[in-house]
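# A structural walkthrough
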Amino acid sequence: MRRRHQWGLLVAVAVLALAVVYLELQRGRTSSALERTLRDIGFYPIRPPSKLVGPGSIYHVSRDGRFYTTVCEADETRVSKVIRDSPSEEMIARELQNTRYALDGNPASLINAKLESNVVESIAYSLSNVAVLEIPLDKNEEIFVQLTENEGCRRAVDRLLANREFVCQGQAVLIASVEYHLNAKSGRSAEGALDPQKASVVKEVIEASVEGNIDLEQGRFVSGTGLHYGVKVNPTCVARPSDRYPRYLPRNALDRFVNWIRLDVLGG
């Protein structure tokens, strides 16, 4: 009976591993090119981009690293004294600003239909004014200690950890603005050929596609000016002294599978 139980457990683990790999492949297909690029350079994409997630504060993070809920918010005055430009900022900015990403879906066809024309070939977007700000780990530790000296913050953190949730502190953030580009079938930019009425139609279509607000500035479609598009957390997330394993926010399906074994199977 014992051997049968062990085989059953192994089969269950194998099935789960295959399911995790499948879901990872599906997520890879559905994530945008920008999100994949952010992950490649070590950031977790922030959805939607905002200023609500940043360095210093403590967050409850979903196990896949996609969603962040503030647990203890760092004081902006304290953060401003220790935050700095990242040494890797120039390299990251150059990589992101030299790349154009295709907008998901097929908004070009919808624009052509609404304008009763066949001019727009595709819509792309690029990042500008890219900056990476970070807090050195030793200074972040000081902020963490100060935050958790507050009883409410400490209890919230302890309660989440007791439920095997991930609690992580923001360490770096990538800030940028996005500009959208209409590529005409002639090979040129299509923005200059739009009168105010047509530009309004294009604006509505892009807004529906990205599920966010778009501004029209001097013939340019821009959004998310100065917002946070990616975040890095401390190398290790928060753990209790009694925890057997350190807690790492996963980078891929294998990491998530290891976390499941440690936290749910072995009781972490």
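All figures in this text were calculated on a predicted structure; none of them were measured in a lab.

### What to know about the pairing of strand S9 (residues 220-233)
In terms of strand pairing, strand S1 (residues 44-50) meets S9 through 3 bridges, oriented antiparallel. Pairing of Tyr 44 across the sheet is with Val 231, part of S9. As defined by bridge partners, strand S7 (residues 166-184) adjoins S9 across 9 bridges and the pair is classed as antiparallel. Bridge assignment links Gly 170 to a residue of S9, and that residue is Val 233. With 3 bridges joining them, strand S8 (residues 215-217) and S9 adopt antiparallel strand pairing. Along S9, the bridge assignment pairs Glu 217 with Arg 220. Here S8 folds back onto S9, and the loop between the two strands holds 2 residues, one of which, Gln 218, carries a positive phi near 50°.

### Side note on the side chain of Asn 259
Looking at the secondary structure, you find Asn 259 in helix H9 (residues 253-265). Accessibility expressed as a relative area gives 7% for Asn 259, which makes it buried. Those residues in contact with Asn 259 that sit more than four places away from it in its chain are Phe 166, Tyr 248, Pro 250 and Asp 264.

### Remarks on the packing of helix H5 (residues 107-115) against helix H8 (residues 196-210)
For the pair H5 and H8, the least separation of the axes is 10 Å and the interaxial angle reads 150°. Crossing of H5 against H8: the hand is right-handed. Residues Pro 107, Leu 110, Ile 111, Lys 114 and Leu 115 of H5 lie in contact with H8, whose contacting residues are Lys 198, Val 201, Val 202, Val 205 and Ser 209. The class makeup of the residues in the contact of H5 with H8 is 7 nonpolar, 1 polar and 2 charged.

### A look at helix H4 (residues 89-97)
Looking only at H4, the buried set comprises Glu 89, Ile 92, Ala 93 and Leu 96. In an axial view of H4, the angular spread of the buried residues amounts to 100°, which keeps them on one side of the axis. Away from its buried face, by an angle of more than 90 degrees, H4 presents the exposed residues Glu 90 and Met 91. Elements that come into contact with the buried residues of H4 comprise helix H2 (33-40), strand S4 (84-85), strand S5 (101-102), strand S6 (120-134) and S7.

Procedures and definitions
Residues numbered from 1 in each chain as written. Predicted model: local features only at pLDDT ≥ 70, side-chain atom pairs only at ≥ 80, totals over all residues. Heavy atoms only, no water. Pairing = 2+ DSSP bridges. Helix = DSSP H or I, 4+ residues; strand = E, 2+ residues; numbered from the N terminus. Buried < 20%, exposed > 50% of the residue type's maximum accessible area, 1.4 Å probe, protein only. Contact = heavy atoms within 4.5 Å. Axes fitted to C-alpha atoms, helices over the stretch in contact; angles between N-to-C directions. Left-handed = near helix turned anticlockwise from the far one by under 90°. Nonpolar A, V, L, I, M, F, W, Y, C, P; charged D, E, K, R; others polar. Arc of directions from axis to C-beta.

Taken by themselves, the reported measurements are silent on function.
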